[in-house]
Amino acid sequence: MQIEIEKKYNLTDSDYSIIKEKTKFVEEVNLKDYYLDKNLILAKNSYYLRLRNWVYELKIHSFDPKTKINSNEEYDNEDEINQKISKFWITTDDVIWIMFVDTFREKYEYNYKWQKIIIDVDKYQYWERYEIEIIYEWKTWDNREKINKNLNKLIENFRNEIWLTGQNDISSSKTITCAMHQNIELYEIMTKNSI
């Protein structure tokens, strides 16, 4: 199972300069994300279905309030996605558009200790932020709290080592910010789920 562990931060000029100077540039990409749902059933259960550049992606989200770590099981195979959302009696044919996020992303990498750190600098229609993520291959997700604690420490040590200072808070969530402007009911659900 592939798990994406991430923390989101407000982008400061200082952090942006440090990221560009001290990490390896990978690519620039434009992302067009259409979030999809049926009566917000998926969002209420922390399932986030989107079409990203016309490919379905599903994130099954969890949030650790102690570490402020976002964890997502990620799927991009439509058959597998339909199998996951079928528990709500929904398929990709049943959903409608609920929100749009238009992002210009700069992707950077940094090898830190035993792990590749990915930094996504996102500029989107309402704000800009960066996220630090680690893609974690895991056979089971049984010891989630310990994994989150260890990876949070790794992320924070990495930030301290290269002197990143941006604040980690809910306003640095791209999807919450977009929902606040486009779909207030979705915004209320997402803030309750603490994305």
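Conventions adopted
The residue numbers shown here count from 1 along each chain, following its written sequence. Selection of residues for local features in this predicted model requires a pLDDT of at least 70, selection of side-chain atom pairs for listing and counting requires 80 or more, and totals for whole chains, interfaces and linings are taken over all residues. Only hydrogens and water are removed before side-chain values are computed, so all heavy atoms of the structure are retained for them. In this scheme, a residue with accessible area under 20% of its type's maximum is buried, one over 50% is exposed, and one in between is partly exposed, where area comes from a 1.4 Å probe on protein chains only. Note on conventions: DSSP H or I runs of at least 4 residues are helices, E runs of at least 2 residues are strands, and numbering of each starts at the N terminus. Two strands make a pair as long as DSSP finds a minimum of two bridges between them. Note on contacts: a residue pair is in contact if any heavy atoms of the two residues lie within 4.5 Å. In the analysis that follows, any N or O atom pair within 3.5 Å is treated as a polar contact, provided that within protein one partner can donate a hydrogen and the other can accept it, and provided that, for residues neighboring in sequence, both atoms belong to side chains. The term salt bridge refers to a pairing of a side-chain nitrogen on Lys or Arg with a carboxyl oxygen on Asp or Glu at a separation within 4 Å. Expected helix span is given by 1.5 Å per residue-to-residue step, counting one fewer step than there are residues. By arc we mean the arc of the directions from the helix axis to the C-beta atoms, nothing more.

(A) Region of interest: the pairing of strand S7 (residues 115-124). When you tally the buried positions in S7, you get eight out of ten residues, the bulk of the element. Note that strand S6 (residues 96-112) and S7 share ten bridges and pair antiparallel. When the sheet's bridge partners are listed, glutamate 106 is paired in S7 with valine 121. The turn linking S6 back onto S7 is made up of two residues, and lysine 113 within it adopts a positive phi angle of 55°. The turn linking S7 back onto strand S8 (residues 128-137) is made up of three residues.

(B) Main features of the environment of tyrosine 47. If you trace the backbone, tyrosine 47 turns up in strand S3 (residues 47-52). Spatially, the C-alpha atom of tyrosine 47 lies 29 Å from that of phenylalanine 158, the residues being 111 residues apart in sequence. Dropping the residues within four chain positions of it, tyrosine 47 is found in contact with Leu42, Leu58, Lys59, Ile60, Lys84, Ile85, Lys87 and Phe88. Only 3.3 Å separates the side chain of tyrosine 47 from the side chain of lysine 87, close enough to count as a polar contact.

(C) The side chain of threonine 92, seen in detail. Secondary-structure assignment places threonine 92 in the loop between helix H3 (78-85) and S6. Accessibility expressed as a relative area gives 5% for threonine 92, which makes it buried. Here the side chain of threonine 92 touches glutamate 78 through a polar contact of 2.9 Å, side chain to side chain. For threonine 92, the residues in contact, after removing those within four places along its chain, are Leu49, Tyr56, Glu78, Ile81, Asn82 and Ile85.

(D) A look at the pattern of salt bridges. Scanning all chains against the criterion turns up 17 salt bridges. Here glutamate 109 makes a salt bridge to lysine 116, at a shortest N to O gap of 3.5 Å. Arginine 159 is the partner of glutamate 156 in a salt bridge, and the nearest nitrogen-oxygen pair spans 3.4 Å. Residue glutamate 156 and its partner arginine 159 are both found in helix H4 (residues 144-162); the two are separated by three residues, about one turn of the helix. Relative accessible area serves as the criterion here: at 21%, glutamate 156 is assigned to the partly exposed category. Exposure remark for arginine 159: the relative accessible area of 6% places this residue in the buried category. In this structure, a network of salt bridges that share partners links the residues Glu6, Lys8, Arg105, Lys107, Asp120, Asp122, Arg129, Glu131 and Lys174.

(E) Spotlight on the side chain of glutamate 4. Here glutamate 4 is to be found in strand S1 (residues 2-10). Under the relative-accessibility criterion, glutamate 4 is labelled buried at 5%. A polar atom in the side chain of glutamate 4 sits 2.9 Å from the side chain of lysine 59. Those residues in contact with glutamate 4 that sit more than four places away from it in its chain are Lys59, Asn70, Ser71, Asn72, Glu74, Glu133, Ile134 and Ile135.

(F) Fine view of H4. Over its 19 residues, H4 runs 27 Å from end to end, which matches the ideal 27 Å to within 8%, given 1.5 Å per residue. Looking only at H4, the buried set comprises Ile147, Asn148, Leu151, Asn152, Leu154, Ile155, Phe158, Arg159 and Ile162. For H4, the angular spread of the buried residues around the axis is 160°, confining them to a single face. Of the exposed residues in H4, those oriented more than 90 degrees away from the buried face are Glu145, Lys149, Lys153 and Asn160.

Function-wise, these values are silent; they only describe arrangement.
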